[in-house]
Structures are given as structure tokens and as C-alpha cells.
Amino acid sequence: MIKNTTFSKIFLSNTKNKTCYQPALLRSFSDQKDPKSYSSINHEEVLKFSENSQSWWDPKGPFMPLHSMNPSRVEYIRNIWKNLKYKTLSDQDYNKNPAPFSGSKIVDVGCGGGLLSESLSRLGGQVLGVDASPENIGIARAHMLLDPSFVDGVFSLDYIESTAEKLVEEKKTFDLVTSVEVIEHVENYHEFLKSLADLTSPGGLLVMSTINRTILGRLLCVAIPEYLLNVVPRGTHDYEKFVKPEEISRVLEQVGLKVVDVTGIWYKPISNTWKLQHRNVGPFSDAGIQSNYLISAVKL
Amino acid sequence: MISRFQISLFRARNTFSRQLASYSSTTNIKNYDITVVGGGIAGSSLVCALGSSALFRNTKIALVDSGSLTKISNWDPPTDSFSNRTVQITSANQSFLSDIGVWDNVYKERVQPYSKVVLTDMLGGEILHFNTNPGAEFGKFPAYLVENVNLHQGCLKTISEINKKEKRIDIVEGIKVDSIKQGSQEADNFSDYPIINLSDGTAIKTRLLIGSDGMNSIVKKFANIDTYGHDYNQFGSVANLCFDRVNETAYQRFLPTGPIVILPLPNGFANLVWSMDTDVYNKTKNLSDENFVKLVNAALRLTSFSDFEYLLSLILPDGSLKNNIDILEESEWRIRNSTESSGFNESKGYSNPELSPPKIIQITKGSRQGFPLKLRNSDKYYSDRIALVGDAAHTMHPLAGQGLNAGLTDVITLVEILGNAVRLGIDIGSTENVLAEYNNKRYLSNTAFQGGVDKLWHIFRSKNPIITTARGFGMKTLNQFPIIKEFMVKNAMF
């Protein structure tokens, strides 16, 4: 952990002196407020992810499920985005669009190593990744610098160490707000959801993914990966903090957002990929969203 | 516990400042997303597929070829002859070529669609015939015979058309690849992007490098991907032939010395691909065209291998014949007097005259060529940010004429995976999401196909009576099961 922080500092101080190279990447890094002042941040959780931050981009490391899940998440966001912004376009034409988020401002709250942020940026979005952990932000920036398209500004991507609350204070709004696998790690999800809602511009979209507080959620997302297969570090998830989709809906509706979709996401162990699963599986209503699920809401 | 990423980060830290310092000075390095090395049919059709798809409209593409593509572009089709190098295209691959606009740029009058294949076995004495699609309208045949140069030019025309609309593909031709460096080999390269140093002093840095540069692939060499395989100790003898009548059927005959294949071209022309043991090849290569034609006609009809061996024994090292014997007369006499029962010997007539191959009357001057037959496969079809397609990845016995089809299927698969990656914002050079998936989809299938063709080669070479009987039985049985035959045609086993 100490070693890692030192590393980030060395790396980033090294780059900071060269701001002429790509100022946008680095400008907002030093003016950090103490994240403690924000209510929804859980410091132990931030610490937990910081410790593993150097493994973010190792597809076989502790974040393996996030790697394999990322393409399905992007697929989901793409599809929901179509229903919102490209209603008249045929699916076939929309699927040929390499940059559906072109011209849209996106924030990825709790971006971690930047897995989703990079993908959304490649799809044309002006993406800001924020994370409360400076180590994560260091890793995300370092990884971004490995790709000339981000360095040369072909794609627009920036990272800052910050929180949803802080961005709200700064009165920033975005066309698309994403926050994947974050809500189950925050201290107060009501506050957190309110901040995400404030960040969403009118007509904008909020997409989250998390784990359902069900027996299946506990089994598939905690017991098996953390205790049986040991592919995810133990203690990554706390079952008590899992949130049900209807709980999210209730809060969002109070702050002017309408939930437009809830979709399950299921792991396929043989191919190590994930499959989007409709909410209802045959006659079983809500069966598809018993463990991991994605939820989308539109700001009215 | 040190991950690759940590190593690259470490490298990044060390080389970052240097990278910054040298960034402006290395202006002769061009950045591309996809660089295709080798502009043959596989490489140029790959570029067409990328260039014709809207998904790749933001993808920077370069095609590098050491030869002169202009020569192919300027090919003026002769009116009285065909090239001796042809390729059988399966209907699936023909659809692909249509979709990417290449098929429209191919001279159709020089393409022979066909649905009839007649297979015979010199020793097993059986006929197997395929006719899956009688009366199919143009565009829906199970196979098409196209001259390589016709198809290649079609690809290059399509590339120019794409570039005319909107410059999408940079072509670097007549320039060789001097070296390819990656990662730590290149101090200024702080990621794992391959840097291709070219013979004109410029360099290309690319997110993904695709090697379609043939059997002796430079890309494969620099990627340190091992090759394994074996030589068949055989030669393929190709030639362009002329029949005594118009023909739209393909003929394949298994001789113990290797299969002889005749593929139809328009206007009574056809191409020969005759695989033969090196000693047989050495005997036949000096034959005059006239005598070679007689030998081919004999090989298609003789029902006894000893008769065929006798004919070969008449050939002197300089290509002349012992006692000036006429091969034609000799073979016809032997066919007439053949005591061995057979469904298709000339004395009885082919049991069904429709299945009898027409007489070859002439060889196009200068169209006879020979090349050694090899089977090659690579350990894998990728390395970090590098993929291999076509002959760079694998070559197989031309018995089934499938070398290029396998290459086109590589291209189709890779383009589909790349398209999906672009659609989902995935780095198209990523190993786990792109390259490993491509390898998984193609490696096993190519290896199995190569293995199948290789096995077939061994089975049909055998003079062992048990195997020849089984072979005959197998062919007879297959004739009873049109569905299996149809499957074989669809997958272009023959």
C-alpha cells in the first residue's frame, strides 16, 4: 500500500512537470479536498480498493469479474442510450455507430482503474472519471497514458480524485452518469443517489449496476467468488449493504428520476463472459435480477 | 504477483520523460489503429471489410506491402486465356466478398460457378458425384472458381473506391518491413504497441498489427510465433487447360501418387492442380505440353495403377519418350483391354456418360508450373497486439483447394470480433477480448480442417487393398446419402 502510493506520487509528479504535453490530463490533480467531508464516502471501503488498485488492469487479478463484465455493461448502456437518444434509428444502423456518445458529457462515479471510463470514451463520450481513492486515479491515469488515442486527444478522457458530492457542489451536470458496482460500497446510499441525481442533467440518463440483497446475490456474489473460488478478495462485499432495485427506485423517484429499466447480468463460467438477462425469466418474474443487476433512470 | 501491467507501468515511469522529450522529434512515426502487413487477397479483403463498414469509420488503417500492388491493379484480363492460379471460393465466402463490395469488382465472365463435382478413385474404382444445386441462379452456387489475380484486383479496386468516397486506408507499397519492435526492445515505446520500421526510413506505430504476409511471414517471425508442419515430399503441378467442349463440372481423381483435380473455367477452359510425388513430378516436368496433355487424359481414365506406372516408365529424363511411343495410343489400348472391373472405364463408357470428363485438347502456353506442397500451422495466431491471418497462420495441402477459403474465414472472424470490440469501446488490440477470442475461434477449426485434409491425403494415397476397398465402400455409401454430400459441398471438402 505504502509502496503503491509512493509509486503513484513518483509517476504523477514526474508527469506533472510536463504539463505542456497534455495539460488536460493532469491539471486538476493537486487541488483535492479531504474526501472525509462527504457523507456518502465509506473510508474503509475506499482503503480496501486502494490496496488492490495496482491490479485494476490485470484481467486475471482480483478485479477479474469487472473485466469480464465490462463488455456486457457497455452493451447495456449502449442499448439504453439508443432508446433515449436514437429512437428513430434502426438497431442495425445504430449498431454500426462507433461513437454513439459523441458530443455527450459523461461522468463515471467510482471509476476505479477506469475500465468503464475508457470504453465510454472510445465510444465518443467526453468522459470524466472520478474516484475517492488517489491510488485508483493514479492507476487510471497511468493506464490511459499507455493509449495514444487518449494522449493525443482522439478520445476525450480525464480523471480526478473526487466524489459525487463534490461535483454537485461544483454544480457540474452530465448527460450520462454511470456508477458501476459502487452503491454497495457507500456509507449512505440515499445521499449517494441524491448526488447522482443532481449530477444528471434534465433528459439525461443515470445507469448503475450493483448486487441485489437476495439469497442468490449473497451466494453468487459473496460466498462463491470470495470464499469458494477465491477469485475476489474476501471482504470485498458486505451483504448487509446490498441494495434492492425497488429501494433504488423509491429514492430516485423522490428526486425526479424515473427508472426505465432493470436488467439482470449473469455470469457464464465456461466462456468467462456475462450475459444480460431480462428481468423476468419465463414465468418467473424478477428471476433475472436476483443477483447482479443494472438499473437505468431518466431525469425528467 | 507482479502483473504485466505493473511491469509496463514500471517501464512507463522510466521511459515517460524520454518519451516526452522525443515525442516531437519522432515525426517520422505514424500512428495507426490497424496496420495490415501483406496486401495479398487475405490482407486486401480484410482492409476492404474494415473500410466498407461504418463501425470502423474512426479507425486509422494502413496496408503495407513490399511488392507492387499497382501491377495487380493494372492487370488487363486477356481475352483468350486464363491464369493458371485459381481459387475455389465457397458460397459463404462469396457472400462475404459480395457484402464488402469486392464481388462487384470481379470480372464475372471470368468466374465459373459450379455445383457438380465428380470424384473418382483409380484404385477403389468408385464414382462419387455431387450435384447439390442444379439450376441455381448465379449467386447461389456452392462454389466458384476465380482466378487469383481477378479476385485480387477486385479487392484493390474496392479499396480505391472506398478511398475515393472518403480516405480511409493508407497504402504503403513497394516498401519492406525492416524490423518490428515491441515493448522493452524500443526505449521510446512505453506501451506494448508494435513499431514497424520500414525500408524507406519511416516507421509505423500501431495498436494492432495484422500479419497477412504469407507462409514466410515477417510479422510471424518478429512475433516469435513458432511454426510446425511437414512437407509432403510432393509437388503441385498447375496448368491451364482447354477441353474439347464447354464444361461446368469439377473432377477430382485420387491416384496413389496424389490427387489430380480439374476445376472448370468458362468457355471450356479449366485449371489443373495435380499433386504428385517428387519423383513423378521430376519425370513429368520436362514432358512437352502435348505429351503432358495425353498423360493427364490417361490419368483421368486409366483404371489400373500399373498401367499408369508403365506410362510413367516410358518417360525419359529429358522429357522425351522411349521409342517415341505415343502415350495416347498406349493409354487407349490399355483402357480398352483393361480387365479390371470399374464403373467408369472407357470400354464400358463411364457408367453414366454425363459423369465422364471431357477430353483435354490443349494446354495454355507457359501455364505449367510446379511448387512443393507443404502443411504448416503456427503455435497460435496471435501475440501481444499482433494477429496472423491466411497463409501467415496456416497453409495446407491444396487437395481440397481450401487454402484461401480458410484465410477468408480468418478474415471474416477477425473483422467480426474487431467490430464487436469497436461497438463496445474495447481496445481492439486487447489480448483477452479480441486476440485470444480470434485464436479460439480459428485455431481449432483450422487445425482440424488441416488435419482432415491431411488424413484424406493419407487415405487416398494408400495402395493397401483393405483401405482401397473401404474407400470404395465409403464413396458408394456417400452416394446414397445426399444430405451428407450436401454438407460436404457446403463446407467445400471437395
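What counts as what
Residues numbered from 1 in each chain as written. Chains lettered and ligands numbered in written order. Predicted model: local features only at pLDDT ≥ 70, side-chain atom pairs only at ≥ 80, totals over all residues. Heavy atoms only, no water. Pairing = 2+ DSSP bridges. Helix = DSSP H or I, 4+ residues; strand = E, 2+ residues; numbered from the N terminus. Axes fitted to C-alpha atoms, helices over the stretch in contact; angles between N-to-C directions. Contact = heavy atoms within 4.5 Å. Salt bridge = Lys/Arg side-chain N within 4 Å of Asp/Glu carboxyl O. Buried < 20%, exposed > 50% of the residue type's maximum accessible area, 1.4 Å probe, protein only. Arc of directions from axis to C-beta. Polar contact = N/O pair within 3.5 Å; in protein donor to acceptor, adjacent residues only side chain to side chain. UniProt positions renumbered as here; feature names shortened; annotations may be inferred. Phe/Tyr/Trp six-rings, centres within 6.5 Å; stacked < 30°, edge-to-face > 60°. Right-handed = clockwise from strand over helix to strand, strands pointing away.

Draft legend 1. Layout of the sheet that holds strand 2 (residues 126–131) of chain A. Residue and element names in this part refer to chain A. Spatially, 3-2-1-4-5-8-6-7 is the arrangement adopted by the 8 strands of the open sheet, whose pairing is mixed. Edge positions in the sheet fall to strand 3 (156–161) and strand 7 (273–277), since each has one partner strand and no second. Across the sheet, the axes of successive neighbouring strands diverge by a mean angle of 20 degrees, strand direction being ignored. Relative to strand 3, strand 2 is paired through 6 bridges, and the arrangement is parallel. For Gly129, the partnering residue across the bridge sits in strand 3 and is Tyr159. Lying on the sheet, helix 6 (residues 115–122) is in contact with strand 1 (105–109), strand 2, strand 3 and strand 4 (174–180); it crosses strand 3 at an angle near 155 degrees.

Draft legend 2. Summary view of the pattern of salt bridges. Inspection of every chain in the model, using the stated rule, returns 21 salt bridges over all chains. Note that Arg207(B) and Asp33(B) form a salt bridge whose closest N and O atoms lie 3.1 Å from each other. Within this pair, whereas Arg207(B) is found in strand 11 (residues 203–211), its partner Asp33(B) is found in strand 1 (residues 29–37), the two being separated by 174 residues in sequence. Residue class for Arg207(B) comes out buried when judged on its relative accessible area of 3%. Given the relative accessible area of 15%, Asp33(B) is considered buried. The partner of Lys294(B) in a salt bridge is Asp326(B), with the nearest N and O atoms 3.0 Å apart. Of the two residues, Lys294(B) sits in helix 8 (residues 289–301) while Asp326(B) sits in the loop between helix 9 (305–313) and helix 10 (327–336), which places them 32 residues apart along the sequence. What makes Asp326(B) partly exposed here is its relative accessible area of 23%. One network of salt bridges, with partners in common, ties together Glu118(A), Arg122(A), Asp147(A), Asp33(B), Asp192(B), Arg207(B), Arg385(B) and Asp427(B).

Draft legend 3. Spotlight on the sheet that holds strand 4 (residues 112–114) of chain B. Residue and element names in this part refer to chain B. Read across the open sheet, the 3 strands follow the order 3-7-4; overall the sheet is antiparallel. The strands lining the two open edges of the sheet, one partner per strand, are strand 3 (86–90) and strand 4. Strand-to-strand twist of the sheet, defined as the mean angle between neighbouring strand axes without regard to direction, takes the value 25 degrees. Examined bridge by bridge, strand 3 and strand 7 (residues 143–147) share 5 bridges and lie antiparallel to one another. The residue of strand 7 that forms the bridge with Thr86 is Glu147. Here helix 4 (residues 91–99) sits on the sheet and contacts strand 3 and strand 7; the angle it forms with strand 3, its principal contact strand, is near 95 degrees.

Draft legend 4. A look at helix 10 of chain B. Residue and element names in this part refer to chain B. Taken together, the buried positions of helix 10 are occupied by Ile327, Glu330, Ser331, Arg334 and Ile335. One side of helix 10 holds all its buried residues, which, seen down the axis, span an arc of 130 degrees. Facing away from the buried surface of helix 10 by more than 90 degrees, the exposed residues are Glu329 and Arg336. Its buried side turned inward, helix 10 meets helix 8 and helix 9. For helix 10, the capping residue at the N-terminal end is Asp326, with a side-chain oxygen 3.0 Å from the backbone nitrogen of Leu328.

Draft legend 5. Focus on the UniProt feature "binding site: S-adenosyl-L-methionine" (unreviewed entry) in chain A. Residue and element names in this part refer to chain A. As annotated in UniProt, the feature "binding site: S-adenosyl-L-methionine" (unreviewed entry) corresponds to Arg73, Gly110, Asp131 and Val180 in the numbering used here. Those residues in contact with Gly110, other than ones at most four positions away along the chain, are Val130, Asp131 and Val182. Relative to the helices and strands, Asp131 is located in strand 2. Once you skip the residues sitting within four places of it in the chain, Asp131 turns out to touch Gly110, Cys111, Gly112, Asn136, Ile137, Ile160, Glu161 and Ser162.

Draft legend 6. Seen up close, the UniProt feature "binding site: Mg(2+)" (unreviewed entry) in chain A. Residue and element names in this part refer to chain A. UniProt records the feature "binding site: Mg(2+)" (unreviewed entry) for Glu181, Glu184 and His185 in the present numbering. Engagement of the side chain of Glu181 in a polar contact is seen with the side chain of Arg73, the distance being 3.3 Å. With respect to the element layout, His185 can be found in the loop between strand 4 and helix 10 (189–199). Judged by its relative accessible area of 8%, His185 is buried.

Draft legend 7. The packing of aromatic side chains, seen in detail. Residues and elements named next belong to chain A. Summed over all chains, the structure comprises 14 aromatic pairs over all chains. Both rings, one in Tyr86 and one in Tyr94, keep their centres 5.1 Å apart while their planes meet at 50 degrees; by these two values the pair is tilted. Residue Tyr86 is classed as partly exposed on the basis of its relative accessible area of 22%. By relative accessible area, Tyr94 is classed as buried at 1%.

Draft legend 8. Spatial organisation of the pairing of strand 1 of chain A. All names here are of chain A. When you tally the buried positions in strand 1, you get 4 out of 5 residues, the bulk of the element. Sheet topology places strand 1 next to strand 2; 5 bridges connect them, and they run parallel. Of the residues in strand 2, the one forming a bridge with Val107 is Leu128. What joins strand 1 to strand 2 is helix 6, and the crossover it makes is right-handed. With 3 bridges joining them, strand 1 and strand 4 adopt parallel strand pairing. Within strand 4, the position partnered with Asp108 by the bridge is Thr178.

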